[in-house]
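Examination of the molecular architecture
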Amino acid sequence: MMIFTILFCFVAASMTMAQRNTLSTSHLQLLSAVPLRQNVLVEPPTPYQFGYESLDDKGTKQHRTESSDATGAVKGSYGFVDPLGVYRTVEYTADADGYRATVHSNEPGMTSKNVADATYFIEAPPPAAVAQGLAYLKPQLNPKVLI
């Protein structure tokens, strides 16, 4: 029985290799039939610049700016500030060296651990945000239950 199993696996593997070679050959035949474009003109990136600021009905401000140069390098920033003073601003660059970001924030719970090629600068949260968080953690008493 063991010899039959080994022989079966060998035959199956041989068939798979033969199919793989057939597929590779047919793919090469298709590729050779596709004409290659020559003298393709690639235009340099067009520099651009945009930005916005907004304020929602709760008092949160959001912003974003971005610009590009003739090499295709992109620089920008985005972020928010809420009514309590909690903020986050991300400044980034994307160019031939990859994507890099710097994060400035005072959000409760944030840490200065540099992850994902980003550098973090964290400040203490505003007192109003801390007070709101502490109020949320207090157990709520239901007067009807106590009666």
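Conventions and cut-offs
- Residues numbered from 1 in each chain as written.
- Predicted model: local features only at pLDDT ≥ 70, side-chain atom pairs only at ≥ 80, totals over all residues.
- Heavy atoms only, no water.
- Helix = DSSP H or I, 4+ residues; strand = E, 2+ residues; numbered from the N terminus.
- Polar contact = N/O pair within 3.5 Å; in protein donor to acceptor, adjacent residues only side chain to side chain.
- Contact = heavy atoms within 4.5 Å.
- Patch = residues over 30% accessible without salt bridge, like charges linked within 9 Å, V, L, I, M, F, W, Y side chains within 5 Å.
- Areas by Shrake-Rupley, 256 points an atom, 1.4 Å probe, with all protein chains shown as cover.
- Salt bridge = Lys/Arg side-chain N within 4 Å of Asp/Glu carboxyl O.
- Buried < 20%, exposed > 50% of the residue type's maximum accessible area, 1.4 Å probe, protein only.
- Pairing = 2+ DSSP bridges.
- Axes fitted to C-alpha atoms, helices over the stretch in contact; angles between N-to-C directions.
- Core = buried A, V, L, I, M, F, W, Y, C linked by side-chain atoms within 4.5 Å.
- Phe/Tyr/Trp six-rings, centres within 6.5 Å; stacked < 30°, edge-to-face > 60°.

An unreviewed UniProt entry annotates the protein as Cuticle protein 16.8 originating from Nephila pilipes.

Points about the side chain of Ser68
Here Ser68 is to be found in strand β2 (residues 61-68). Within the local environment of Ser68, its side chain forms a polar contact with the backbone oxygen of Ala73, the two atoms lying 3.5 Å apart. The residues touching Ser68, leaving out its near neighbours within four places in the chain, are Thr46, Pro47, Tyr48, Ala73 and Val74.

Here's the deal with a nonpolar patch on the surface
Residues Tyr48, Phe50 and Tyr52 make up a contiguous nonpolar surface patch of about 280 Å² in total accessible area. Looking at the element boundaries, Tyr52 is found in strand β1 (residues 48-55). Overall, the relative accessible area of 42% leaves Tyr52 in the partly exposed class.

Description of the sheet that holds strand β4 (residues 87-95)
The strand order β1-β2-β3-β4-β5-β6 describes an open sheet built from six strands, whose pairing is mixed. Of all the strands in the sheet, the pair left with one neighbour each is β1 and β6 (118-122). Here the strands of the sheet are splayed against their neighbours by 5° on average, with no regard to which way each runs. Strand direction decides the pairing type here: β2 and strand β3 (residues 74-81), joined by eight bridges, are antiparallel. Bridge pairing in β3 places Ser68 opposite Val74.

Focus on the nonpolar core
If you look at the biggest cluster of nonpolar residues, it comprises seven residues: Val74, Val90, Tyr92, Ala101, Val103, Ala118 and Tyr120. Contributions of two or more residues to this core are made by β4, β5 (98-105) and β6. Excluding residues within four positions of it along the chain, Tyr92 makes contact with Arg64, Thr65, Glu66, Val74, Lys75, Gly76, Ser77, Tyr78, Tyr99, Arg100 and Ala101.

Some points on the packing of aromatic side chains
All chains considered together, the criterion is met by three aromatic pairs. Ring centres of Tyr48 and Phe50 lie 6.3 Å apart, and the angle between their planes is 15°; this geometry places the pair in the stacked category. Each residue in the set Tyr78, Tyr92 and Tyr99 is aromatic and connected to the rest through ring pairs, giving one cluster.

Concerning the pattern of salt bridges
Applying the stated criterion across every chain, the model contains three salt bridges. A salt bridge links Arg64 to Glu66, with the shortest nitrogen-to-oxygen separation between them at 2.8 Å. For Arg64, a relative accessible area of 28% corresponds to the partly exposed category. One salt bridge in this structure joins Glu107 and Arg88, with 2.7 Å as the shortest N-O distance. With a gap of 19 residues between them, Glu107 in the loop between β5 and β6 and Arg88 in strand β4 connect regions that are remote in the sequence. Assessed through its relative accessible area of 14%, Glu107 is described here as buried. Given the relative accessible area of 30%, Arg88 is considered partly exposed.

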